[in-house]
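A closer look at the structure
For reference, the chains in residue letters:
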Amino acid sequence: MRLYKDLITGDEMFSDTYKMKLVDDVIYEVYGRLVSRTEGNVEIAGFNPSAEEADEGGEATTVSGVDVVLNHRLAETYAFSDKKSFTLYLKDYMKKLVAKLEERAPDQVETFKTNMNKVMKDILGRFKDLQFFTGESMDCDGMIAMLEYREIDGQSVPVLMFFKHGLEEEKL
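Analysis parameters
- Residues numbered from 1 in each chain as written.
- Predicted model: local features only at pLDDT ≥ 70, side-chain atom pairs only at ≥ 80, totals over all residues.
- Heavy atoms only, no water.
- UniProt positions renumbered as here; feature names shortened; annotations may be inferred.
- Helix = DSSP H or I, 4+ residues; strand = E, 2+ residues; numbered from the N terminus.
- Pairing = 2+ DSSP bridges.
- Axes fitted to C-alpha atoms, helices over the stretch in contact; angles between N-to-C directions.

- Identification of the protein chain as Translationally-controlled tumor protein homolog from Hermetia illucens is taken from an unreviewed UniProt entry.
- A UniProt comment under Sequence similarities (unreviewed entry) is attached to the protein chain, and it reads "Belongs to the TCTP family."

Points about unusual backbone geometry
- Phi at Asp25 takes a positive value of approximately 55°, unusual for a residue other than glycine.
- When you line up the elements, Asp25 lands in the loop between β3 (19-23) and β4 (27-31).
- Of note, the phi angle at Asp153 is positive, near 50°, even though the residue is not glycine.
- Topologically, Asp153 is positioned in the loop between β9 (145-152) and β10 (155-163).

Looking at the sheet that holds strand β11 (residues 167-171)
- The strand order across the open sheet built from three strands is β2-β1-β11, with neighbouring strands paired in antiparallel fashion. The strands lining the two open edges of the sheet, one partner per strand, are β2 (12-15) and β11. Direction aside, the axes of adjacent strands within the sheet are offset by 30° on average.
- As judged from the three bridges shared by strand β1 (residues 2-6) and β2, these two strands associate in the antiparallel manner. From the neighbouring strand, Tyr4 faces β2, where its bridge partner is Phe14.

Shown next as structure tokens:
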């Protein structure tokens, strides 16, 4: 299994256990699904609690959301009220990524800039449909993942987008 972490903050963003696609060698699209979980409820096929372990009627907390967000403890951020504020963040973040890329693979910088501009122009055109998530540390200096819902095979599917060059891959 591979774990993908934010290059700047070290926050865990997602793993390769989800269906994913690389777009223009710039953005990973990770396909999630909506789930509901009850706190303390472990469901194992073929397991039935005994009478002593039966629920005593306490209040259970249920959490619903996108599995990728819940599993990797991503936090929704409301830092971007408009396209302009998100564009300012992107310019600053891209400078950080270009600096890291110049250290690691200077021959890829120009291709990265060209592809990133194309992809971001497309994404900014859909700004109003996006939700934004930080890693667990909630550090907005790091990567902000974008989430949008897409119609796939007649179903609304949550798709998270992560910048490839802003991730560190860790084999587990």
